[in-house]
Amino acid sequence: MLLESVRVLDLAGGDADAVTRLLADLGADVLKVEPPGGSPARTAAPLLGGVSIPFALHNANKRSVILDPADERDRRRFQELARTADIVVDGGPRGHTADLGASRFGTSCGELADRYGHLVTMSVTDFGTSGPRSHWQATDAVLYALSGALSRSGPTSGTPVLPPDGIASATAAVQAGWAVLVAYYNRLRCGVGDYIDFARFDAVVTVLDPIFGSQGQVAAARRGAGRWRGRPRNQDAYPIYPCRDGYVRLCVMSPRQWRGLRAWLGEPAAYADPRFDVIGERFAAWPQISVLVRELFAERDMADLVTAGQARGVPIAAVGEPAQVLAGEHFAAARAATHAELAPGRTALIPTGYYVVDDHRAGFRSPAPALGGPNTGWRARPPVGPASGGVSGARPFDGVRIVDLGVIVAGGEASRLFGDLGAEVIKVESAAYPDGLRQTRPGSAMSESFAWTHRNNLGFGLDLRNPAGKEIFGRLVGGADAVFANFKPGTLAALGFSYDTLRGINPRVVLAESSAFGQTGPWSDRMGYGPLVRATTGVTALWADPDATSDPGRHPFYDATTVFPDHVVARVTAIGALAALIAARQSGAGVHVHVSQAEAAVNQLDTCYVARAGGAAVQPDTGLDLVCPCSGDDEWCVISIRTDEDWRCVAAAFEDQRLASDPRFSTGAARIAHRAELVVQLSRHTGRRAPADVGQLLQAVGVAAAPMNRPPDIAEDPQLAHRSVYAEMTHPLIEHPLPAETGPAPFRNIPPAPQRPAPLPGQDTRAICRTLLGFDDETTERLIADGVLFGAD
């Protein structure tokens, strides 16, 4: 197990439980501290056989200990556990640390870190411990609204469509897992722990669909005349068509894929002109092309269409049903789902987790613990030997070298996360097949997406298909700590660099890979665009208008403008790579880590998938998230009503006692049954208020609510500014500064990310040949002339 020497004291609850589940999956010894009677999260809906599904899923592979803060012996026991832990993760508005440690070592995780200098502590809260919104409450709906995700989901006009509940919280948990493991690695390097004031809002803004990140809408995020403040005009960039038994999605990008579709359509003469090979020309004519596609698909089944399309090289996927995905042949063949006992006598099919390590599943091993297990001591043994003597205040990955073959978002961003924290990242590119993010608007030398994704990288131009190029790549691997890639399974091996080959070159090298559908299973060889992953796994079906009334005659799905799960997969891969580097540091042996985007998407929504598969046996969550109109042009807010008390507080805040006594809304089940009427009634109050005023009014009475931010609002958000989430990044090839994230979270002992500009293709080839490979200038120039290498002119 990669993290078998790591001791984690878990004081989290609810959404923060998933942070330590990540560490437990990778082998950490996670001891969950619960009060007498158990964590409140044990009763959180949805329930199966009286057991909370989210608690069962997010506390697997852990152990439980009961500590009563009123008991002096338990307070001493807590001190001892904290003193001998490596990591403490706390959650909630104040956190359990305040209760357990008030009389001994202060009231915060920060003071706990002060007391035990080796300890890495993290408090996980909705907005952080300071700032104008630090007292606010967040649900996933609130996070979608404030992060700008809601404003890009739904029809061009009319009610915006909330993304599926669960993605925001799961995304924040992954970012928290990355941040806390970074701090632990830094502790191994220099012997000094850290305190991390982690905010879920910061994480969702920077990771889910970042405005200032790869594929972000930088123009929309800068105030000025003519800046687009409306919602995205094209919600069908990856069109979805009805067929006899459901829907299918196309994702036709390349000329070869278009020719395959054209042949499938019977070679219509109107579209034989080669100009339609250009994606812009094709998009302009798509309304007419779409008529032919719709006719072809209407009377055929989803499975037949997918088989026929794949055979022609046309990227196509069925829009799957979430309840069927876990039980389908792919997840079974890939061992990505397993039957587990969530409650006594009640077994459910659950996703196993994110990781395959050395061809073995690293995920679910044991169910969530019974309250207060018999063995409450640490099982993990601490790593042998002291820290390596690194300098406190330096970056954690100083001295770490990564050879990066990753492309686009999921691949490129994984290495950028390491580069931001000090690693030397050598981006290997082919002249014939440059990274797709290098596509630019006419007249631009570099895209903003590439500048964000590949800052702090070195550019190395190499033809990996050339025998001499293979030899040079082998020399790079020989001096590297890790190789990153996100090719289709089998591609790296076909190039002559399977993991066995890499390990033969360098026994301690880590290979961290991601792919669309994983290494095994019937989907593994499918074309892996994100929209197809979402459709196949059922995410598209969940990302839908609940009333199907926003655009009559159109399908109900609205996930075309997201790049989920690419950004979060980059973090998941980075966590796996870092855990492997920690293991390699202690054992001297390399590790192969693989992450499937499809499995990552399902694990992000694990509660939803398991609950849907459970059917009538599941007691549902009766919480409700509503999108309501506000005053102004196309202005909206969200209101989350989780309990009857929330509902009473909403009615009181709006001074509408008749609403409070209306039997249609008196219980959670009643509110769900009369959801449309409830929106109408609330709109009488929200419609005459500004969105920000609704958020302030309801948050003041303890109800989670928020305005819908647009992309320009993110640049001026006061909470993000207070926490210095962004800093201006300049690039010599881009005329304006770009807001860029300063790091995964605010650390005490790790500085913000540097901002070395992203390289041109082959920009650093000559320098790398000279300093790392030992080539003289004559040899380098000969290799460039022969096409083995290329450099910037």
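Taking an unreviewed UniProt entry as the reference, the chain is identified by name as Acyl-CoA transferase/dehydratase belonging to Mycolicibacter sinensis.

Within the chain one finds 32 helices and 28 strands. Relative to the 2.2 N^0.38 estimate, which gives 28 Å for 793 residues, the radius of gyration of the chain is 26 Å and therefore close to what a compact globule would have. Considering only C-alpha atoms, the chain reaches an extent of 80 × 70 × 55 Å along its principal axes. In the chain, which comprises 793 residues, the proportion classed as buried is 59%. Within the chain, counting contacts between residues at least 6 apart in sequence, those at least 24 apart form 76% of the total.

This part is about empty space enclosed by the protein. Summed over all chains, the structure comprises 6 cavities of 30 Å³ or more. In this model, the largest cavity occupies a volume close to 90 Å³. Every element with two or more residues in the lining of the largest cavity is listed here: helix H14 (408–419), helix H15 (448–453), helix H21 (566–587) and strand S27 (734–741). Computed from the structure, the second largest cavity encloses a volume of approximately 60 Å³. If you trace the second largest cavity, you find it lined by Gly148, Ala149, Arg152, Ser153, Pro163, Asp209, Trp543, Tyr558, Thr561 and Thr562. Class assignment of the residues belonging to the lining of the second largest cavity gives a composition of 4 nonpolar, 4 polar and 2 charged.

What follows covers the nonpolar core. Ranked by size, the top nonpolar core spans 148 residues in total, and within it Trp178, Tyr355, Phe397 and Phe418 carry the most contacts. Sorting elements by how many residues they give to this core places helix H7 (residues 167–190) first, with 15 residues. Shared between two domains, this core holds at least three residues of each, these being domain 1 (1–231 + 717–750) and domain 3 (622–713). What Tyr355 contacts, discounting residues up to four positions off in sequence, is Leu22, Leu26, His360, Arg361, Ala362, Val572, Ile575, Gly576, Val593, His594 and Val595. Counting residues in each nonpolar core, the second largest holds 29 residues, with Leu492, Leu502, Leu511 and Leu783 among its members.

On to the domain arrangement of the chain, then. What the domain assignment reports for the chain is domain 1 (1–231 + 717–750), domain 2 (240–323) and domain 3 (622–713). Here domain 1 and domain 3 have C-alpha centroids that lie 26 Å from each other. Residue-level contacts link 24 residues of domain 1 with 22 residues of domain 3. Between domain 1 and domain 3, the buried area comes to about 2,300 Å², and carbon and sulfur atoms account for 58% of it. Linking domain 1 with domain 3 are 0 salt bridges. Split into classes, the residues belonging to the side of domain 1 that touches domain 3 amount to 11 nonpolar, 8 polar and 5 charged.

Per the counting criterion, the structure on display carries 44 salt bridges. Residues Arg748 and Asp114 are paired through a salt bridge, measuring 2.7 Å at the closest nitrogen-oxygen approach. Highlighted residues: Arg748 in the loop between S27 and helix H31 (765–771) and Asp114 in helix H5 (residues 109–115), separated in sequence by 634 residues. For Asp114, a relative accessible area of 53% translates into the label exposed.

In a beta sheet, neighbouring strands are held together by backbone hydrogen bonds and run either parallel or antiparallel to one another. Strand order across the open sheet formed by 3 strands is S4-S3-S22, with antiparallel pairing between neighbours. Strands with a single pairing partner mark the edges of an open sheet, and in this sheet they are strand S4 (51–52) and strand S22 (618–619). For strand S3 (residues 47–48) and S4, the ladder comprises 2 bridges, and the chain directions are antiparallel. Residue pairing across strands places Leu48 opposite Val51, the latter belonging to S4.

A few words on the packing of aromatic side chains. Considering all chains together, one arrives at 17 aromatic pairs under this definition. The structure contains a cluster of three or more aromatic residues connected by ring pairs, namely Trp178, Tyr185, Phe397, Phe418 and Phe484. When the ring centre of Tyr558 is taken as reference, the NZ or CZ atom of Arg554 above it lies at 4.0 Å. Lying across the ring of Tyr185, Arg585 places its NZ or CZ 5.7 Å from the centre.

What the 6 strands build is an open sheet, ordered S5-S2-S1-S6-S7-S8; its pairing is parallel. Looking along the sheet, the strands with just one partner apiece sit at the ends: strand S5 (63–66) and strand S8 (194–199). Taken over all neighbouring pairs, the strand axes of this sheet differ in orientation by 20° on average, direction set aside. When strand S2 (residues 29–34) meets S5, the two strands line up parallel, connected through 4 bridges. Bridge pairing links Val33 to Val65 in S5.

Among the residues of helix H28 (residues 691–699), Pro691, Val694, Gly695, Leu698 and Gln699 are the ones counted as buried. The arc that holds every buried residue of H28, seen down its axis, measures 115°, which confines them to one face. Those residues of H28 that are buried lie in contact with strand S24 (636–641), helix H24 (644–653), helix H27 (675–686) and strand S25 (705–707).

Before going further, it helps to spend a moment on the pairing of strand S18 (residues 457–462). Summarising burial for S18: 5 of the 6 residues are buried, a large majority. Examined bridge by bridge, strand S17 (residues 424–429) and S18 share 5 bridges and lie parallel to one another. Looking at the pairing, Ile426 lines up with Leu458 of S18. Of the crossover connections in this fold, the one passing from S17 over H15 to the parallel S18 is right-handed. Judged from the 2 bridges that link them, S18 and strand S28 (residues 789–790) form a sheet pairing that is antiparallel. Note on S28: the bridge partner recorded for Leu462 is Leu789.

How each quantity is defined
- Residues numbered from 1 in each chain as written.
- Predicted model: local features only at pLDDT ≥ 70, side-chain atom pairs only at ≥ 80, totals over all residues.
- Heavy atoms only, no water.
- Helix = DSSP H or I, 4+ residues; strand = E, 2+ residues; numbered from the N terminus.
- Rg over C-alpha atoms; globule rule 2.2 N^0.38 Å.
- Buried < 20%, exposed > 50% of the residue type's maximum accessible area, 1.4 Å probe, protein only.
- Contact = heavy atoms within 4.5 Å.
- 1 Å grid on protein atoms, 1.4 Å probe; cavity = no way out; pocket = protein on both sides within 12 Å on 5 of 7 lines; lining within 4 Å.
- Points joined across faces, edges and corners; volume = space filled by probe spheres on them.
- Nonpolar A, V, L, I, M, F, W, Y, C, P; charged D, E, K, R; others polar.
- Core = buried A, V, L, I, M, F, W, Y, C linked by side-chain atoms within 4.5 Å.
- Domains from an automatic or database assignment.
- Buried area = accessible area lost by both parts, 1.4 Å probe.
- Salt bridge = Lys/Arg side-chain N within 4 Å of Asp/Glu carboxyl O.
- Pairing = 2+ DSSP bridges.
- Phe/Tyr/Trp six-rings, centres within 6.5 Å; stacked < 30°, edge-to-face > 60°.
- Lys NZ or Arg CZ within 6 Å of the ring centre and 35° of its normal.
- Axes fitted to C-alpha atoms, helices over the stretch in contact; angles between N-to-C directions.
- Arc of directions from axis to C-beta.
- Right-handed = clockwise from strand over helix to strand, strands pointing away.

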